[in-house]
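What follows is each chain in one-letter form.
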Number of protein chains: 2
Amino acid sequence: MTEPLRIVIIEDEAAIRRFLRASMGPDEVEWFEAESGGEGTRLIAHKNPHLVLLDLGLPDQDGLEVLRSIREWSQVPVIVLTARGKERDKVLALDAGADDYVTKPFSIAELLARIRVALRHAARAMPATEAAYEAGGLSIDFDARQVFVDGEEVRLTPIEYRLLSELARHAGKVLTHRHLLRTVWGQAYEDSTHTLRVHMGSIRSKIESDAAYPRFIRTETGVGYRLIPEES
Amino acid sequence: MTEPLRIVIIEDEAAIRRFLRASMGPDEVEWFEAESGGEGTRLIAHKNPHLVLLDLGLPDQDGLEVLRSIREWSQVPVIVLTARGKERDKVLALDAGADDYVTKPFSIAELLARIRVALRHAARAMPATEAAYEAGGLSIDFDARQVFVDGEEVRLTPIEYRLLSELARHAGKVLTHRHLLRTVWGQAYEDSTHTLRVHMGSIRSKIESDAAYPRFIRTETGVGYRLIPEES
DNA sequence: CGTGGGCATCAAGGTTTTGTCAAGATGGAC
DNA sequence: GTCCATCTTGACAAAACCTTGATGCCCACG
């Protein structure tokens, strides 16, 4: 994983949040914490996390409802983390779309292992991520998070990098505006096409020398953008 | 799911095998039972199951070794089902590639729910790429949204592309003006045959070299258009 | 032999989509 | 708190695209 892992935790007890934070290095993981279901779903929509940890006993609404409303629009892996150990609760949560169910008190090593399993599944649902991309003068080192044009390093902002990476991971294919917005920004931004254009513009100004004849990124009018797989 | 679910269970206690068999209707599931690791891996290779239930305490070899050897060549979902409840065992199994870990004695309803989760994951891992079209010098790559004539790329506008795609999806068949207008423009435009003609003209000017002898798109007077499936 | 329907082509005009620039807004580092 | 990099938003310009009308061809039919 080249970019830091984004995890949303929806849990009203601060002690548990602190415990989890401490259990995983802060360098590897970017934590987003919510104390209520509403705040949690908002965070998921805005931060586009890789994983969600969800407590079922929340102050504002039942965790099961939160889970169902997330599943209406997002496929993000959700691990339910709760004190409710009844068989019925487990079955309901798993069938509502939870990817795993861990009962408190839990073993931290086991939870971490289950998180790895969930991330493994999510990674497999996407096309294989190579360690690097290289085509026609443009190369991306996903491990080092670096981009080069004809050997020269180009400095990209986080959003620019994620946009270009997404294009590179599907090099040659057209990615729709909606897809890019959902992948890079998250569900809540899927109509912000104008923002997308501005960012594409700034990527281009950094990697394209002649704006009239793009070497790398081609606009598919009315649809989206496409990374040109070979120089032509 | 039109074909029955195939599940391999690797477990030396016959009582548990019988119990699981009884828990799921025999009409929906085809069970394959193995009492040892070696037999189990052979069954997986031979039967290509949708899911594997694996006991860790086996007579011939350690279940963890079985799991690792399965993972060398197969991505089939594996749920570990065992009496070993130690944290260390769980972490080892999950990191070795297990998709879930259920400790005996287990609740059958929970196990079934976890099986459903595993199958859900497996179904999602399948890529959904649309095939390309290729006939007599004309090829369409639906992923890249690109059209080639004799290897040369041809750039089409959104409407042109959708028109040609619709023709290609029903290659050889006559599509009526009305059908094309409804599919590409929408119901409200189904009488704008003149607009349709102009667009067909511009597609032709891009993909046909000799307008008098069309290689690809044939006009069916009074009816509509047809894509010629083979060069003749 | 003339006429009209169906079709193809061309160019003009208007509309939608995209690109660019710059001004705030945001948020983290110090 | 200020500074700095980044992101979002708005206004406008540029480009791409679509529709429409005019015109001419071909051919069936009277």
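In what follows, the structure referred to is the one given above.
Residues numbered from 1 in each chain as written. Chains lettered and ligands numbered in written order. Predicted model: local features only at pLDDT ≥ 70, side-chain atom pairs only at ≥ 80, totals over all residues. Heavy atoms only, no water.

Asks: Kindly report on the overall build of chain A, identifying the contributing residues and their values.
Replies: Counting its regular elements, chain A contains eight helices and twelve strands. Principal axes of the C-alpha set define a box for chain A whose edges measure 60 × 35 × 25 Å. Split into buried and exposed, the 232 residues of chain A put 50% on the buried side. Sequence-distant contacts in chain A: of pairs separated by 6 or more residues, those separated by 24 or more amount to 56%. Accessible area for chain A stands at about 10800 Å²; split by element, carbon and sulfur atoms hold 50% of it. The average position of the 30 basic charges and that of the 37 acidic charges among the side chains of chain A differ by 3 Å. (Helix = DSSP H or I, 4+ residues; strand = E, 2+ residues; numbered from the N terminus. Buried < 20%, exposed > 50% of the residue type's maximum accessible area, 1.4 Å probe, protein only. Contact = heavy atoms within 4.5 Å. Areas by Shrake-Rupley, 256 points an atom, 1.4 Å probe, with all protein chains shown as cover. Lys, Arg positive; Asp, Glu negative; His and termini not counted. Charge placed at Lys NZ, Arg CZ, Asp CG, Glu CD.)

Asks: Tell me about the protein's contact with DNA strand D, and name the residues and values.
Replies: Around DNA strand D lies a shell of 18 residues, among which A:Thr157, A:His194, B:Thr157, B:Trp185 and B:His199 are the nearest. The protein-proximal atoms of DNA strand D, defined as those within 4 Å of the protein, are 63% sugar or phosphate. Within the side chain of B:Thr157, a nitrogen or oxygen atom sits 2.7 Å from a phosphate oxygen of DNA strand D. Within the contact set of DNA strand D, a phosphate oxygen lies 2.9 Å away from a side-chain nitrogen or oxygen of B:His199. (Near = heavy atom within 4 Å. Polar contact = N/O pair within 3.5 Å; in protein donor to acceptor, adjacent residues only side chain to side chain.)

Asks: Please set out the environment of B:Arg84 residue by residue, giving values where relevant.
Replies: Following the sequence through the fold, B:Arg84 ends up in the loop between β4 (78-82) and α4 (87-95). Not counting residues up to four positions away in its chain, the partners in contact with B:Arg84 are B:Leu56, B:Gly57, B:Asp62, B:Asp89, B:Tyr101 and B:Thr103.

Asks: Quick rundown of empty space enclosed by the protein? Include the residues and the values.
Replies: One pass over the full model with this rule turns up two cavities of 30 Å³ or more. By volume, the largest cavity amounts to about 90 Å³. Lining the largest cavity are A:Asp99, A:Asp100, A:Arg114, A:Val117, A:Ala118, A:His121, B:Asp99, B:Asp100, B:Arg114, B:Val117, B:Ala118 and B:His121. When contributions to the lining of the largest cavity are tallied by element, the ones reaching two or more residues are α5 (108-125) of chain A together with α5 (108-124) of chain B. Along the lines of polarity and charge, the residues of the lining of the largest cavity split into four nonpolar, two polar and six charged. A volume near 50 Å³ is recorded for the second largest cavity. Listing elements by their share of the lining of the second largest cavity, those giving two or more residues are α5 of chain A together with α5 of chain B. Ranked by residue count, the leading element in the lining of the second largest cavity is α5(A), at three residues. (1 Å grid on protein atoms, 1.4 Å probe; cavity = no way out; pocket = protein on both sides within 12 Å on 5 of 7 lines; lining within 4 Å. Points joined across faces, edges and corners; volume = space filled by probe spheres on them. Nonpolar A, V, L, I, M, F, W, Y, C, P; charged D, E, K, R; others polar.)

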